[in-house]
Amino acid sequence: MNIPFIGEVPSDIVVAWIISILLGGFLFSWVTKAGKWQVIMKYAQTTHHRKIGVMYLLLAVVFFIRGGIDALFIRTQLAVPENDFWVFQSQKYNEVFTTHGTIMIFFVAMPLLIGLMNVALPLQIGANDLAFPYLNAVSFWLFAAGGVIFNMAFFFNAAPNAGWTMYTPLATDTFTTEPNNNYYILGVQVSGLGTIFTAINMIVTIIRLRAPGMKLSRMPLFSWSALITSVLILVAFPVLTIALLLLMFDRLYGTNFFMGEVGDPVYWQHLFWIFGHPEVYIIVLPAFGIFSDIISNFSTKRVYGYTSMVAALALIGLLGFMVWAHHMFTVGLGSMANTFFAITTMLIAVPTGIKVFNWLFTMRKGIVKIRTPMLFALGFIPTFVIGGVTGVMLAVAAADYQYHDSYFVVAHFHYTIIGGTILGSFAGIYYWFPKMTGKMLNEKLGKWHFWLFLIGFHLTFMPQHFAGLNGMPRRVYTYMWEDHIFLLNFVSTIGAFLMGASMLFFIWNIYYTCRFTGGAAADPWNGRTLEWTVGSPAPEHPFEPMPRIDSLDAYWYAKINKKQLPEAEDVRPSPIAVETFQPVLLAGVIGIMSIGFIYGWLWMQIVGAGASLAFFVIRSLTDERKRVYEREEEL
Amino acid sequence: MKKLLFLPVLLLLAGCNIRALHPASDTAATLTDLIYLSFGLMMLVFVVVMVLFIYYLRKFREKAYNVHHIPLDTRENKWFEITWTVLPIILLTILAVPTVQATYELTSSSAGNVDEAPQQAVEIQVTGKQFNWRFTYENGKQSMNELVLPVGQKASLRLQSEDVIHSFWVPRLAGKIDVFPGKVTRLSFVPNEKGTYQGKCAEFCGAEHTQMRFDTRVISEGEFQEWLKQE
Ligand code: HEM
Ligand SMILES: [Cu+2]
Ligand SMILES: [Cu+2]
């Protein structure tokens, strides 16, 4: 390896430290000069769903930039055959694709969607906040702590390097001895805990806090998708928790779950994919929900086939648990297992197809208004269909012996994840931006963002199908002239930089909008659902008085009949907001404990665990509702 | 729409000899047929969706005269919904039948009973190891990163790893089969064309996974016997 070193440390890390310190200093002085410390302190103590949602989104965008820079390093190294770009060969390249994949899944896709759920879900169903505001803050700060732990790894020259799938035995301490992969285990574990809490919170909110009259059968589709995704999280994430725990024991305490005489590396693959496949539906179903709402909104029409849309969501969720071994066709599980999983996988295409046709028929006979959120929804349909059809091709078990672990798969899952989750999150951000900030993102910059991103996207990933079929395995840091995949890779690299450029428009748009514009109306898109009845940005107690709902899209029908939504009387008490630093501090000490585990420092583990326990005790002894109840009794 | 334009262009650029679509063995030929079949069926789906998409988008896009109109709600049509549920099921059935067939045929020969070695096959031990391949022939001869096979004869490989998981892949001859420590997997195929084919490790296996490549040389029976005797 010819890693350029500066002193003892590889040069990429030195550069990263310098840039981070400069940026940190700049941010610090800017915040001080603008007198924003108060705002930051307020956000650090908040339990309000909109503010927490905005923090999720902000952090997700930061991580998206990190993961995106990783992607550009990958694409630069692969631009031409036998390339030697900077340090990104061998183990360094492995670190870069591992952090890219992990960050994109756990620290970008998840928080983008959870952030949007936080912002929009209570508003859509007429709840004044999530059911457990304190728990919500804990969720967010655990996610943040996990993200910080994971991203720290790189700065200490210890980025994880076994792929985001952490296949054993490579990921056990026999083959990767350094602390690198401990960072993955602890970072993902801590943020995963937060995700599980969020799921509980969402489910309880939807069950308990819908506005009077909003039966489940009148709930907007985004809320439905949030409900089903939360159920999937509640079932799938504990499997990941357990898998990571077992791997941690293998790495730290010498157990042998995943190798040796009694253990088996294939156990890991089963556990990982029993979590992992539902995970891909966890990150795509909310995007489906966003698109359903947006397509209906901007086609000026009720969504087509509401009932079958809900049924399809549920069916996809259910089937999602029965297909995990399609990631393991080449393991040699036997013809019986392979055909079973091939067929269940193909079956998922049916409800997905139903959804696509329902979207198309929502546009039919409507009046389609092309604003930026709708543009992303329109870009989604062909893109996701390409990802879907290659998915069916991959389900053909025998043919998958060719596609598996090749660039064909890389192309496939980027078509589904970027086409679904990322386009969906962008659409959602443009759509609900007024609810978050009280401002409207600029349409012109939004269009630039969209077109550059979409064109860049197809340029990047369409050629990868062919590179894969031509024998290019994934996770390789170079290839040769005689592989005949140079042009395909070169085009792909150009596309990646176009996508990078499009993100500049997006970030400029956010900055420009927040700085120079103001005053969005409560209902700027002529919306249909409840979030558009409340002010922009959404106030702390949006539904006072509480509306009564008598149909799907009740607000819309009230509008066109020139009526007000009726007021409800029998309202459930709202969740109670508190201001507290406890969630941040709790996440902080759990972070400290995790570092203790990563480096095997027993004293640090004990300090962190003791402090975390103390927080549990404090929390068990406080009840912020008491105050409110007492006040109510006095009245 | 834009995307559709450069699809054929890329196909041309890539040259028409994409390895997985240019089989040089019976097994690979089965896979190629399956790839084409599934691609064809799926293109049908894609085209239908695109036609509806473009047509509806042009027809129902907001026009100057209807900006302030409010379209009527349409009721769901049972027959439409049945159509787009049943048609995909039919398409998938068409795809599922050969899938099951091929999967049974190929998988039982690769992951099936390890002990019953097929007669008249060239038996080869394949050992994967960070980061190279070792091939051991029946007469004890060994070669590194070069697999030599006689044309027209069944090659029967038993694969095992000495460390982590690898995956054996020669796109023009067969699909992948994973290579595990402590467990034997099998792969067999009949190469039917002489030539040298690229082989690669397809399961990420550590620092130099990229370099874990090998060549497969398919030569005539006579040359093969000759080669076996050398050294
Ligand atoms: C922004 C543009 C993006 C580009 C140019 C890009 C590029 C790539 C490339 C080239 C690889 C293959 C690395 C290899 O096999 O050696 C890869 C892997 C991956 N990407 Fe992306 N990607 C992008 C965005 C995303 C997004 C948004 C997600 C998910 C939300 C994502 C998730 C993944 C995952 C999970 C992997 C697998 C990592 C692994 O093999 O462990 N990517 N990406
Ligand atoms: Cu899957
Ligand atoms: Cu390998």
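Here, the structure is the one placed above.
Residues numbered from 1 in each chain as written. Chains lettered and ligands numbered in written order. Predicted model: local features only at pLDDT ≥ 70, side-chain atom pairs only at ≥ 80, totals over all residues. Heavy atoms only, no water.

Student: If you had to explain the overall build of chain A to someone new, which residues and values would you point to?
Tutor: The helix and strand inventory of chain A stands at 19 helices and two strands. The C-alpha radius of gyration of chain A comes to 24 Å, within 12% of the 26 Å expected for a compact globule of 635 residues. The principal-axis extent of the C-alpha atoms belonging to chain A is close to 70 × 60 × 55 Å. Look at the contacts in chain A between residues 6 or more apart in sequence, and 82% of them connect residues 24 or more apart. Roughly 22,500 Å² of accessible area belongs to chain A as shown, and the carbon and sulfur atoms make up 70% of that amount. (Helix = DSSP H or I, 4+ residues; strand = E, 2+ residues; numbered from the N terminus. Rg over C-alpha atoms; globule rule 2.2 N^0.38 Å. Contact = heavy atoms within 4.5 Å. Areas by Shrake-Rupley, 256 points an atom, 1.4 Å probe, with all protein chains shown as cover.)

Student: Run through the site of ligand 1, naming residues and quoting values.
Tutor: Residues and elements named next belong to chain A. For ligand 1, the set of nearby residues contains 26 residues, the closest of which are Tyr 93, His 100, Trp 164, His 414 and Arg 475. One nitrogen or oxygen atom from the side chain of His 100 is found 2.8 Å from a nitrogen atom belonging to ligand 1. In this structure, Arg 475 approaches ligand 1 through a main-chain N or O atom, which is 2.6 Å from an oxygen atom. The set of elements that each furnish at least two residues to the shell around ligand 1 consists of helix H3 (49–77), helix H4 (90–125), helix H13 (407–437), helix H14 (443–469) and helix H15 (486–516). Broken down by element, the shell around ligand 1 gets its largest block of residues, seven residues, from H13. Looking at the shell around ligand 1, its residues break down into 18 nonpolar, five polar and three charged. (Near = heavy atom within 4 Å. Polar contact = N/O pair within 3.5 Å; in protein donor to acceptor, adjacent residues only side chain to side chain. Nonpolar A, V, L, I, M, F, W, Y, C, P; charged D, E, K, R; others polar.)

Student: Pulling in residues and values, what's your account of the coordination of the iron atom of ligand 1?
Tutor: Residue and element names in this part refer to chain A. Surrounding the iron atom of ligand 1 are the protein donor atoms His 100 (NE2) and His 414 (NE2), which sit 2.0 Å from the metal. Because the angles between the six donor atoms bound to the iron atom of ligand 1 fall within 87 to 179°, the donor set is best described as octahedral. A residue pair is termed long-range when its members are at least 10 positions apart, and His 100 in helix H4 and His 414 in helix H13 qualify at 314 residues. Summarising the burial analysis for this pair, His 100 and His 414 share the class buried. (Donors = N, O, S within 2.8 Å, 3.2 Å for Na, K, Ca; no water. Tetrahedral: all angles 85-135°; square planar, octahedral: opposite > 155°, others 65-115°. Buried < 20%, exposed > 50% of the residue type's maximum accessible area, 1.4 Å probe, protein only.)

Student: Break down the sheet that holds strand E4 (residues 146–150) of chain B for me, with residues and values.
Tutor: All names here are of chain B. Strand order in this open sheet of five strands is E4-E10-E9-E6-E7, and the pairing throughout is mixed. Sheet topology places E4 and strand E7 (174–179) at the edges, where each strand pairs with a single neighbour. On average, each strand axis in the sheet is inclined to that of its neighbour by 20°, with strand direction left out of account. Relative to strand E10 (residues 213–219), strand E9 (residues 195–201) runs antiparallel, the two being bridged by six bridges. Bridging across to E10, Gly 195 finds its partner in Val 218. (Pairing = 2+ DSSP bridges. Axes fitted to C-alpha atoms, helices over the stretch in contact; angles between N-to-C directions.)

Student: Summarise the interface of chain A and chain B; cite the residues concerned and give the values.
Tutor: Interfaces are frequently sized by the accessible area removed from exposure as the parts join. Between chain A and chain B, the contact holds 98 residues from the first and 88 residues from the second. Summed over both sides, the interface between chain A and chain B buries roughly 8,200 Å², with carbon and sulfur atoms accounting for 69% of that surface. At the junction of chain A with chain B, the criterion picks out four salt bridges. Across the pair Glu 62 of chain B and Lys 369 of chain A runs a salt bridge whose closest N-O atoms are separated by 3.1 Å. The interface formed by chain A and chain B includes 27 residue pairs in polar contact (both at pLDDT 80 or more). Ranked by the residues each element gives to the side of chain A that touches chain B, the list is headed by helix H10 (residues 335–363) of chain A, at 16 residues. (Buried area = accessible area lost by both parts, 1.4 Å probe. Salt bridge = Lys/Arg side-chain N within 4 Å of Asp/Glu carboxyl O.)

Student: Tell me about the coordination of the copper ion (ligand 3), and please be specific about residues and values.
Tutor: Tetrahedral metal sites with four donors have an ideal angle of 109.5 degrees; octahedral sites with six donors have ideal angles of 90 or 180 degrees. Residues and elements named next belong to chain B. Coordination of the copper ion (ligand 3) by the protein is provided by Cys 201 (SG), Glu 203 (O), Cys 205 (SG) and His 209 (ND1), with metal-donor distances spanning 2.1 to 2.6 Å. Around the copper ion (ligand 3) sit four donor atoms, and with donor-metal-donor angles ranging over 86 to 128° the site reads as tetrahedral. All donor residues of the copper ion (ligand 3) come from one chain, and their arrangement in sequence is C-x1-E-x1-C-x3-H. The class of Cys 201 is buried, set by a relative accessible area of 2%.

Student: Break down a nonpolar patch on the surface for me, citing the residues and quoting the values.
Tutor: A surface patch of nonpolar side chains, amounting to about 700 Å² of accessible area, comprises Val 15, Ile 19, Leu 23, Phe 26, Leu 27, Trp 30 and Trp 86 of chain A. Here Leu 23 of chain A lies in helix H1 (residues 11–33). (Patch = residues over 30% accessible without salt bridge, like charges linked within 9 Å, V, L, I, M, F, W, Y side chains within 5 Å.)

Student: Go over the side chain of Lys 141 of chain B, please, and point to the residues and values.
Tutor: Residue position: Lys 141 of chain B is located in the loop between strand E2 (132–136) and strand E3 (142–144). In this view, Lys 141 of chain B contacts Phe 135, Thr 136, Trp 227, Leu 228, Gln 230 and Glu 231 of chain B; residues no more than four positions away in its chain are not counted.

Student: Mind laying out the environment of Met 214 of chain A, listing which residues take part and the relevant values?
Tutor: All names here are of chain A. Positionally, Met 214 belongs in the loop between helix H6 (180–208) and helix H7 (221–253). Residue classification places Met 214 among the buried positions, given a relative accessible area of 5%. Put simply, Met 214 and Ala 399 are 185 residues apart on the chain and 47 Å apart in space, counted from C-alpha to C-alpha.

Student: Go over the packing of helix H17 (residues 582–599) of chain A against helix H18 (residues 602–621) of chain A, please, and point to the residues and values.
Tutor: Residue and element names in this part refer to chain A. Following both chains from N to C, one finds H17 and H18 inclined at 155°, their axes separated by 7 Å at the closest point. On the basis of their axis angle, the class for H17 and H18 is roughly antiparallel. For the element pair H17 and H18, the recorded crossing hand is left-handed. Along its contact with H17, which presents Gln 582, Leu 585, Leu 586, Val 589, Ile 590, Ile 592, Met 593, Ile 595, Gly 596 and Phe 597, the element H18 presents Met 604, Gln 605, Gly 608, Ala 609, Ala 611, Ser 612, Phe 615, Phe 616, Ile 618 and Arg 619. Classifying every residue of the contact of H17 with H18 by side-chain character gives 14 nonpolar, five polar and one charged. (Parallel < 35°, antiparallel > 145°, perpendicular 65-115°, else oblique. Left-handed = near helix turned anticlockwise from the far one by under 90°.)

Student: Which residues make up a negative patch on the surface, and what values do they have?
Tutor: Side chains of Glu 630, Glu 632, Glu 633 and Glu 634 of chain A sit close together on the surface and give a patch of like negative charge. Summarising the element assignment, Glu 632 of chain A is placed in helix H19 (residues 624–634). (Lys, Arg positive; Asp, Glu negative; His and termini not counted. Charge placed at Lys NZ, Arg CZ, Asp CG, Glu CD.)

Student: I'd like to hear about the sheet that holds strand E8 (residues 185–189) of chain B, residue by residue, with values.
Tutor: Residue and element names in this part refer to chain B. If you walk across this open sheet you meet the five strands as E3-E2-E1-E5-E8, and the pairing is mixed. Since the sheet does not close on itself, it has two edges, and those belong to E3 and E8, each with one partner. Between one strand axis and the next, the sheet turns through 25° on average, direction left out of account. The pairing of strand E1 (residues 121–129) with E2 spans five bridges and is classified as antiparallel. Within E2, the residue paired with Gln 125 across the bridge is Thr 136.

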